[in-house]
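Observations on the three-dimensional arrangement
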Amino acid sequence: MVTLVLPRLVDVSAASRRSASVTERNVAALRSVYWLLLVSGFVEPLLYLLSIGVGVGALIGDLTLPSGAVVTYAAFVAPAMLASSAMTGALAETTFNFFGKMKYMKLYDGVIATPVQPFEIALGELAWAMLRGSAYSAAFLVVMVVMDLTAPARALAAFPAAVLVGFAFGALGMAIATFMRSWQDFDLMSSMQFVLFLFSGTFVPAEAYPAVLRWLVEVTPLYRAVHLIRALTVDTGGWSWTLDVLYLLAVLTAGLLIASRRMGRLLYK
């Protein structure tokens, strides 16, 4: 029994080190401009929160959530901005940058000449994306606490949820990037991303839509992300968020598997 288990543990440890080496390469390459990336990823959702959440919210007033909780419009919008920020940051790193490294820089052609495998490259790139995404999420949650849009304890609970959202969209974006043929394909992805941003319970509760459209909204990954973070930061709707966690874990697993298999085919052909 011991002889069967020990090699497997060694393989896992070696794979973790190889994945970490991919992450370390990205950190070393972008260390000098990292603070600019952090500012750019944080400012956009903050501007949406201030302009729509606070500005338009002054005209709308309070909202009653399905659980019966009454919140200000800014408190309703803020969790959606956090989820959208996690999505946007993860997709930017694992689609645009990942595609450039694989298709044009040919970075991974050199990497696979080492013991690093495609799945380990995918894990390393995803970990790098989440270093950025986690920094955005933490900073935005601090703003939410300062603006009294959530309690500190709820913000602490929402942080790992935001990280999970980023992981799920990062894996999904990486899988999508392996199907990209040229930079023009990103126009279609950007359009789809913007549609998700508008119609995922971001600014309007899903219950406000007609039944068929509401069903379409509620099966999208961004809606599940918004619902999860909103439940943790402002809602008191019990354990309904557990479905969101399972959904996002499924997206994460499927995205990683597809990305690693596609990378194997593209890099070894």
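Check the entry above for the structure.
Residues numbered from 1 in each chain as written. Predicted model: local features only at pLDDT ≥ 70, side-chain atom pairs only at ≥ 80, totals over all residues. Heavy atoms only, no water.

1. Examining the overall build of the protein chain
Each helix and strand in the protein chain was counted, giving 10 helices and 2 strands. Buried residues in the protein chain amount to 46% of all 269 residues. Of the contacts formed within the protein chain by residues at least 6 apart in sequence, a portion of 78% connects residues at least 24 apart. (Helix = DSSP H or I, 4+ residues; strand = E, 2+ residues; numbered from the N terminus. Buried < 20%, exposed > 50% of the residue type's maximum accessible area, 1.4 Å probe, protein only. Contact = heavy atoms within 4.5 Å.)

2. Focus: helix α5 (residues 118-146)
The terminal C-alpha atoms of α5 lie 42 Å apart, and with 29 residues this matches the ideal 42 Å at 1.5 Å per residue to within 8%. Looking one or two places after α5, you find D148, whose phi comes out positive at around 60 degrees. (Expected span 1.5 Å × (residues − 1).)

3. A few points about the packing of helix α3 (residues 73-104) against helix α9 (residues 221-233)
Between α3 and α9, the shortest axis-to-axis distance is 8 Å and the interhelical angle comes to 130 degrees. Taken together, α3 and α9 sit at an angle that is classed as oblique. In the packing of α3 onto α9, the handedness of the crossing is right-handed. For the pair α3 and α9, contact is made by F76, P79, A80, L82, A83, S84 and M87 and by L222, A225, V226, I229, R230 and T233, respectively. Considering only residue class, the contact of α3 with α9 consists of 10 nonpolar, 2 polar and 1 charged. (Axes fitted to C-alpha atoms, helices over the stretch in contact; angles between N-to-C directions. Parallel < 35°, antiparallel > 145°, perpendicular 65-115°, else oblique. Left-handed = near helix turned anticlockwise from the far one by under 90°. Nonpolar A, V, L, I, M, F, W, Y, C, P; charged D, E, K, R; others polar.)

4. Some thoughts on the environment of A157
As for its position among the elements, A157 is in helix α6 (residues 152-177). Residue class for A157 comes out partly exposed when judged on its relative accessible area of 38%. Taking the C-alpha atoms as reference points, A157 and I229, separated by 72 residues in sequence, lie 9.0 Å from one another.

5. Let's talk about the pattern of salt bridges
By the definition in use, this model includes 4 salt bridges. A salt bridge links R181 to D185, with the nearest nitrogen and oxygen atoms 3.4 Å apart. Classification of R181 as exposed rests on a relative accessible area of 65%. With a closest N to O distance of 2.9 Å, R214 and E218 form a salt bridge. Of this pair, R214 and E218 are both found in helix α8 (residues 211-218), 4 residues apart, which corresponds to roughly one turn of the helix. Linked through salt bridges whose partners overlap, the residues forming this network are E207, R214 and E218. (Salt bridge = Lys/Arg side-chain N within 4 Å of Asp/Glu carboxyl O.)

Any functional reading would require information beyond the geometric quantities listed.
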